[in-house]
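# Understanding the architecture of this molecule
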Amino acid sequence: MNKKVISLLQQYGLTVTGNTAYGIMQGYETSLRSPSPMEQSAYYIHVNFYATDEKKQEIAAELGRTGIKLTATSSAYGLTICFPAAFAGTLVKNLPVLFDRLIALLKQNELPGADTCPYDGKPLIEAEKKRCSINGFYVTLNNDCVSSINRQIEEENRAFANAPNNYMQGICGALIGGIVGAACTIALYYIGFVSSLSAIIAVLLGAFLYRKFGGKPNVMMIVIVSVVSLILIGAAFFVSYLIAAGTAAAEAGLHMSALDALLICLDDSEFASAFYSDFAMLFVFTIVGIVIVVISLVRQIKRPKNIS
C-alpha cells in the first residue's frame, strides 16, 4: 500500500497490515481492503454499526451525495463502500471527505459504535465477543450471534444443495445465450473482426438465462454454459465459411452444395491456411472471453462459509 495512504489511514486510527487496514475510527469499527487485480482499482471499506435496513439505506444514499464517485450498500453488519481510485493521490484527496462525512452521519443519527454488536444491537461483552473475518473485513460480534449466523449459513447451504438442478431448463437458457453469441460471431466475421466479444456475450447471457429458467447456479452451470457457447461459436465460424464458399461457387456459375464448395476450397493450400489460421485465432479469443466471464461467475456462485 502507498506510504501516503498508510499515513492517512493511521491518522484515522487504522492499523495497516499488508493490503488491509483495521481499527476503531472515531468510535466505529472499520476495515479497508486495497484493490486486487479482479477489483479494478477499487478500495473496499466496511464500517460496522447496528441500525435498521432503512436507516442504512438512508446513510448510503447520503454518502452518494458527497460528490465523490462511490457505491455504498448495506450489509448485515453495517455499510460496505466501494471507492474507485486508480491513483493513490485520488485516494488521499477524497478519503478524508468520505470518512468525515460517514462519521458525521453515524453520529448525527446516534447510531451505536464499537461497543455494540452490529448484528443484534446488544452491548458487546468482553468475555463473550469474537472478532470475525467476514468477506475480507473484521467484524466483532457476540458469540451467540456468531453461532446463530453459522446455523443460518448451514441451513441455507443445505437447502441449496438439496434444491433440484433443473439441467434441462438451464440448458435452454445456455442455448439461447450461445445462439446470440454465434450470431455475433457471424456478424463480426462479415466485417472482418475476430474478438472475445462473442464469447463474453454468449457466456454472460447464457448464465443469466440459465438461472432465469430455473437452473441451479453452481459449477455445472459454468461448465454447461461454457461448453455450449464454445460449440455454437465454433459452429458459427464453420457456417460463415460455408456461406462464403457457397456464395463464391454460385458467382462462378457452379452448381454444388455449400459443403462441397468448401471442401474444394480447402484443397487449396492458401485457402486452407487462412481457414485454419482464422479458426485457431477464433478459438483463442473465445477461450479468453470464456475465462474472463468464468472468473466472475465463480465469485458469484461461491457459497458462504461459516464465520470464525
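Residues numbered from 1 in each chain as written. Predicted model: local features only at pLDDT ≥ 70, side-chain atom pairs only at ≥ 80, totals over all residues. Heavy atoms only, no water.

## Looking at the pairing of strand β2 (residues 20-25)
As a reminder of what qualifies: A pair of strands is considered paired only if DSSP assigns at least 2 bridges between the two. Elements are defined by DSSP. Helices are runs of H or I of four residues or more, strands are runs of E of two residues or more, and each kind is numbered from the N terminus.
In this sheet, β2 lies alongside strand β1 (residues 14-17) in antiparallel orientation, the contact comprising 4 bridges. When the sheet's bridge partners are listed, T15 is paired in β2 with Y22. What sits between β1 and β2 in their antiparallel hairpin is a turn of 2 residues, with G18 showing a positive phi close to 65 degrees. Linking two consecutive strands that pair antiparallel, namely β2 and strand β3 (residues 28-33), is a turn of 2 residues; a positive phi of about 50 degrees is found at Q26 within it.

## Focus on the packing of aromatic side chains
Going by this rule: Classification of ring pairs uses Phe, Tyr and Trp, with its six-membered ring standing for Trp, and accepts pairs whose centres are within 6.5 Å; under 30 degrees between planes counts as stacked, over 60 as edge-to-face, and the remaining range as tilted. Here's how the labels work: a residue is buried when its accessible area is under 20% of the maximum for its type, exposed when over 50%, partly exposed in between, all with a 1.4 Å probe on protein chains only. Either the NZ atom of lysine or the CZ atom of arginine qualifies as a charge over a ring when it sits within 6 Å of the ring centre and within 35 degrees of the ring normal.
Considering all chains together, one arrives at 11 aromatic pairs under this definition. Relative to Y190, the ring of Y189 has its centre 5.3 Å away and its plane inclined at 80 degrees; by these criteria the two rings are edge-to-face. Its relative accessible area of 26% is what places Y189 among the partly exposed residues. Consider the rings of Y189 and Y241, whose centres lie 5.5 Å apart with planes at 50 degrees: the pair is tilted. Taken together, the residues span a long stretch of sequence, with Y189 in helix α5 (residues 167-190) and Y241 in helix α7 (residues 219-251) at a distance of 52 residues. Connected via pairs of aromatic rings, a cluster forms that spans Y189, Y190, F237, Y241, F271, F275, Y276 and F279. Its end group placed over the ring of Y22, R131 keeps NZ or CZ at 4.5 Å from the ring centre.

## Details of the sheet that holds strand β6 (residues 78-84)
Our working definition: With axes taken as lines fitted to C-alpha atoms, and helix axes fitted only over the stretch in contact, angles between N-to-C directions fall between 0 and 180 degrees. Residue contacts are counted whenever heavy atoms from the two residues lie within 4.5 Å of one another.
Taking strand neighbours across the sheet as the criterion, the 6 strands line up as β1-β2-β3-β4-β6-β5 in an open arrangement whose pairing is antiparallel. Strands at the two margins of the open sheet, each flanked by one partner only, are β1 and β5 (71-75). Within the sheet, the average angular offset between the axes of one strand and its neighbour, ignoring direction, is 15 degrees. Judged from the 7 bridges that link them, strand β4 (residues 42-48) and β6 form a sheet pairing that is antiparallel. Residue pairing across strands places H46 opposite T80, the latter belonging to β6. Those strands touched by helix α1 (residues 3-11) are β1, β2 and β3, and its axis lies near 145 degrees from that of β1. Where helix α2 (residues 53-63) meets the sheet, its contacts fall on β5 and β6, and the angle it forms with β6 comes to roughly 20 degrees.

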